[in-house]
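Spelled out from the first residue to the last, the chains are:
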Amino acid sequence: MIFGRGSFVDLDKVLGEERNSEDDFVVFLVDDVHQDKPLAARVPVKGHDLLIYVNVDEEPSTKQVDALTEQVQAFNGKLPVSIVGLGGGSTLDLAKAVSLMLTNPGGSAMYQGWDLIKHPAIHHIGIPTISGTGAEASRTAVLCGPVRKLGLNSDHTVFDQIIMDSELIAGVERDQWFYTGMDCFIHCVESLQGTFLNEFAKAFAEKSMDLCRQVYIDDHAEKDDKLMMASYMGGMSIAYSQVGACHAISYGLGYVLGYHHGIGNCIAFDVLEDFYPQGVAEFRTMVEKHNITIPKGICKDLPDETIAKMVKVAKSMGPLWENVYGPSWEEKVTDEMLTALYRRM
C-alpha cells in the first residue's frame, strides 16, 4: 500500500517492477468520468498498453466483466502483467473481476459466491478516486449477474497493490461523496454488531467509524485523507468479519431497481432502526447536517412480483444474515419481514 497526497505519481514505478520484457503490457481500466480530464493525461500508459474507459452509470455486471475480459484477450496473444483499476468502487470491482477471469475459465457468473475462484488472478492494482466502498481493501468484486447481485468473494480477489492519493478524491460531487462515505459507515455498524465480530475486525471498524464522524460531523480540515483511511479500514473490517442486514437488503434494490450501491445502502439503512438503532440515529444526524435527500416511497406502490424479486435476492445472502442472527437465521429472515421493510422504503 502506498498512501499520501501526490502518491499517484508512484504508479509508473510500481508498474515498472512488473514489466520484464519489451512486449509486456498493462491494462488500465479507468472510470470514463475521467476521460479528457487532467487525471487521464497523468496515467502512465506505454505504447503497447491497453487503456479502456469503463462506464459505471449502471452497477457492474457479469456481462460487462466478460466483455472486458474478451477485449483484453483479443488485444494481445499473451496475458497482461498487471490490471490497473482507477475510479470508484465499481471500477475497482471491474478491475478485480477481470484480473480473475483472465486466469479462470468460463464466465464470471460461475464464480458469484464464496471461494469459488480456483486460480490466482493477474497482478492487479487499485487506485480509488472516490472513497467509502472499501473496494480497495475487500476480498470481493460485487457484480449483478443473471440471477442475482453477488460478489466474487475470494482471497485471490484482493488487490496486490493499492495507491491511496487523497488528492484524487477532492471535488467529488456532494451527494456521491455522502452516499459512498455512508457505505463505509454502514460497513462498520454491521461489522461491530455482527456475530462474526473478532478483535481484528473490531479494531479497524472502531477506528473507521471514528474517522467517519470526523468527516461527516466535525467537517475536519483533512477530511479527504480521513475518509480515504476510513474507507480502507472499513473494508479491512468486513474482510475479516461480514456485512449485515443493510447490505443484504440493498442488493435487492440494486439488482431489481438498479440503485447504485451507496444510495441503495442509504435507502435501506434509513428503515433499519430496529436492527441498528444507534447507527441509524447517527446516520440521520449526518443526513441532516449535509442536507442530503434520501429517496422515499420508492417501493410503496411497486407490484407484488417486483417486491418478491427483491426479497428473493435479499434472502439469498446467507452469510450476511448469519452475521445478523447467527446460524439459525433462516428461522427469522422471512418473506413477510423483508416485504414489510421494502414497503417502507
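The structure presented is a predicted model; accordingly, all values stated were derived computationally and were not measured.

**Here we look at the packing of helix H6 (residues 199–216) against helix H7 (residues 223–239)**
Here is step 1 of the chain: Taken N-terminus to C-terminus, the directions of H6 and H7 make an angle of 155°; their axes are 8 Å apart at the nearest point. Relative to H7, the element H6 lies roughly antiparallel. Crossing handedness for the pair H6 and H7: left-handed. Contacts between H6 and H7 involve Phe 200, Ala 201, Phe 204, Ala 205, Lys 207, Ser 208, Leu 211, Cys 212, Gln 214, Val 215 and Tyr 216 from the former and Lys 223, Lys 226, Leu 227, Met 229, Ala 230, Met 233, Gly 234, Met 236 and Ser 237 from the latter.
Here is step 2 of the chain: A breakdown of the residues in the contact of H6 with H7 according to their chemical character gives 13 nonpolar, 4 polar and 3 charged.

**Description of the UniProt feature "domain: Alcohol dehydrogenase iron-type/glycerol dehydrogenase GldA" (unreviewed entry) in the chain**
Here is step 1 of the chain: Those residues carrying the UniProt feature "domain: Alcohol dehydrogenase iron-type/glycerol dehydrogenase GldA" (unreviewed entry) are residues 2–165 in this numbering.
Here is step 2 of the chain: The span residues 2–165 is 23% helical and 23% strand by assignment, and the distance between its end C-alpha atoms comes to 8 Å.

**Digging into unusual backbone geometry**
Here is step 1 of the chain: Despite not being glycine, Asp 115 shows a phi value in the positive range, around 60°.
Here is step 2 of the chain: Of note, Asp 115 is situated in the loop between strand E5 (113–114) and strand E6 (124–128).
Here is step 3 of the chain: Asp 115 gets classed as partly exposed once you look at its relative accessible area, which sits at 47%.
Here is step 4 of the chain: At Asp 219, a position not held by glycine, the phi torsion is positive, near 55°.
Here is step 5 of the chain: Position of Asp 219 among the secondary structure elements: in the loop between H6 and H7.
Here is step 6 of the chain: By relative accessible area, Asp 219 is classed as partly exposed at 41%.

Criteria and thresholds
- Along each chain, numbering runs from 1 in the same order as the chain's sequence is written.
- This being a predicted model, a pLDDT of at least 70 is required before a residue's local features are given, and a value of 80 or more before pairs of side-chain atoms are given or counted; all residues contribute to the totals for chains, interfaces and linings.
- As a convention, hydrogens and water are excluded, and side-chain values are obtained from all of the structure's heavy atoms.
- Here, axes are lines fitted to C-alpha atoms. For helices the fit covers the stretch in contact, and angles between N-to-C directions go from 0 to 180 degrees.
- Counting from the N terminus, the helices are DSSP H or I runs at least four residues long and the strands are E runs at least two residues long.
- Any angle that falls under 35 degrees is termed roughly parallel, while one over 145 is termed roughly antiparallel, one within 65 to 115 roughly perpendicular, and all others oblique.
- Crossings are assigned a handedness: left-handed for a near helix turned anticlockwise from the far helix by less than a right angle, right-handed for a clockwise turn.
- In what follows, residue pairs with any heavy atoms lying within 4.5 Å of each other are defined as contacts.
- Under this grouping Gly is polar, as are all residues other than the nonpolar Ala, Val, Leu, Ile, Met, Phe, Trp, Tyr, Cys and Pro and the charged Asp, Glu, Lys and Arg.
- UniProt positions are given in the numbering used here, feature names are shortened, and annotations may be inferred rather than shown by experiment.
- Only protein chains enter the accessibility calculation, which uses a 1.4 Å probe. A residue is then buried if its area is under 20% of the maximum for its type, exposed if over 50%, and partly exposed in between.

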